[in-house]
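Per-entry structural report
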Amino acid sequence: MGNYTREEVLQMAEDEDVEFVRLQFTDMFGTLKNIAITVRELPRALDHEYVVDGSFIAGIAGESEPDMYLYPDLDSFTILPWRPQQGKVARLLCDIYRPDGTPHIRSARYLLSKAVAEAEAEGYTCYIDPECEFFLFHTDDNGMPTTLSHEKAGYLDISPVDLGENARRDMVLNLEDMGFEVESSHHETAPAQHEIDFKSGEIRKMADCIMTFKMAVRTIAKRHGLHATFMPKPRADANGSGMHIHFLLFKDGKNIFVNPDNNELSDEAYYFVGGLLAHSREMALITNPLVNSYKRLVPGYKAPTELTWTTNNQNSLVRIPGTRGENTGIELRSPDAASNPYLVFAVCLAAGLDGIKRKIYPTKSSNRSLSESDQKAMNIENLPENLKEAIAYFEESGWIKEVLGKDFCEEYAAAKKKEWLKYTRQVTDWEINEYLYRI
């Protein structure tokens, strides 16, 4: 992915023998959608002439004018390396526009761009480094996903115990062919659980990267006869999968989390942490959007529950890594990879900057797991216990409506209420059956 012009995209498509181009975008919940066009139609697409019907797209459906115009991001042009090498397939990520030529204000990619623009107006540039965990499970005789694995490997184990090593290797190679800078990959704590980490980048670019990453992981897993899922907690007896996010904030070319006087964090870094803690419950419906998300956020499985910050407590929401210098960062541990990265990054950036603006100092730190009585004595709160509670915090928040817009929030909350009602009326396994196919 690079800084391309219209003419360069057309030339690359010709030079690379591209036959099909996928115009991709995400719905409100972060589900990747696309329409495939032949390469001869590419000039029309680059001139913003392609229209799709938004009547069945979450976040767009129900409008009086459901037509959506796709505006390809030229810098996102890339070849899909797992597709045929004769008559190649490329993709372009797209923004969603209305017929009158204005951005669709309920588009998740637009909402992140809006949050970034507001940060840039204050002189800030945010870089992030997400850690995306996922499971590789067997499929049944009909090719449908299961939650079964013969694997018994644990953290950083290798072959032959790590049965997913070859699939993970192919994922890394394909991602690098697409322009990703992969830093590392390894087996995670739970059997069949894996992680691939890539180099930090500008926050909008990394949201795009995560969408592409998830598509690539699922595709390569299928070629190995496996099913990749980013479901937060597919098995009750094992750790869940998160999407920990490392934040670095720059101003005038300098990382403002760095304290020039000592090895501690700067005041701005602590304020950023304070903002994340202050807004964590009202943005939980975004960072942890599923019924299943809250099965992960329980004590005993190295997932955050306490609204504290720490250097080493696995139950704390925010961790301060030991790295200092220009790589000084802050790690938020609650989000999961089933969430929409555009929305997650938008609300997290807004929360951190609100902490800086209001100078919210995080007084509650903990380097050990706290008992219920300890938390009560220290007046330490927790993340929501379930989706219903997260919906309530979300709907009560005036701040979240300022960040994402009132109309977006109302539609998003309404959809999540339906999800909760469907879950409560079904057997316990509903969430597994419902989500395993698409998360």
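The following refers to the structure shown.

Before going further, it helps to spend a moment on the overall build of the protein. Each helix and strand in the protein was counted, giving 14 helices and 16 strands. In summary, the protein has a C-alpha radius of gyration of 21 Å against a globular reference of 22 Å for 439 residues, a match within 12%. Over its C-alpha atoms, taken along the principal directions, the protein stretches across nearly 65 × 50 × 50 Å. Accessible surface, the protein: about 19400 Å² in total, of which carbon and sulfur atoms supply 46%.

Turning our attention to the pairing of strand β8 (residues 182-187). Inspection of the sheet shows β8 paired to strand β9 (residues 193-198) by 5 bridges, in the antiparallel sense. Bridge assignment links His186 to a residue of β9, and that residue is Glu195. Where β8 folds back on β9, the antiparallel hairpin that results is connected by 5 residues, among which Ala192 adopts a positive phi of roughly 75 degrees.

Summed over the entire model, instances satisfying the criterion amount to 20 salt bridges. Salt-bridge contacts for Lys88 lead to Glu16; the nearest nitrogen and oxygen are separated by 2.7 Å. Residue Lys88 is found in strand β6 (residues 88-97), and its partner Glu16 is found in the loop between α1 (6-15) and β1 (18-26); the two are separated by 72 residues along the sequence. For the salt bridge of Arg358 with Asp354, the shortest nitrogen-to-oxygen distance reads 2.9 Å. Taken as a pair, Arg358 and Asp354 lie in helix α9 (residues 341-358) at a separation of 4 residues, close to a single helical turn. Members of the salt-bridge network, linked through shared partners, are Asp73, Asp95, Arg109 and Asp208.

Now for the environment of Glu381. Positionally, Glu381 belongs in the loop between α10 (372-378) and α11 (387-396). Considered as a pair, Glu381 and Arg281 are 100 residues apart in the sequence and their alpha carbons are 9.5 Å apart. Looking at Glu381, its side chain comes within polar contact range of the side chain of Arg281, at 3.1 Å.

Reading the values: the criteria
Residues numbered from 1 in each chain as written. Predicted model: local features only at pLDDT ≥ 70, side-chain atom pairs only at ≥ 80, totals over all residues. Heavy atoms only, no water. Helix = DSSP H or I, 4+ residues; strand = E, 2+ residues; numbered from the N terminus. Rg over C-alpha atoms; globule rule 2.2 N^0.38 Å. Areas by Shrake-Rupley, 256 points an atom, 1.4 Å probe, with all protein chains shown as cover. Pairing = 2+ DSSP bridges. Salt bridge = Lys/Arg side-chain N within 4 Å of Asp/Glu carboxyl O. Polar contact = N/O pair within 3.5 Å; in protein donor to acceptor, adjacent residues only side chain to side chain.

That's the geometry; what it means functionally is another story.
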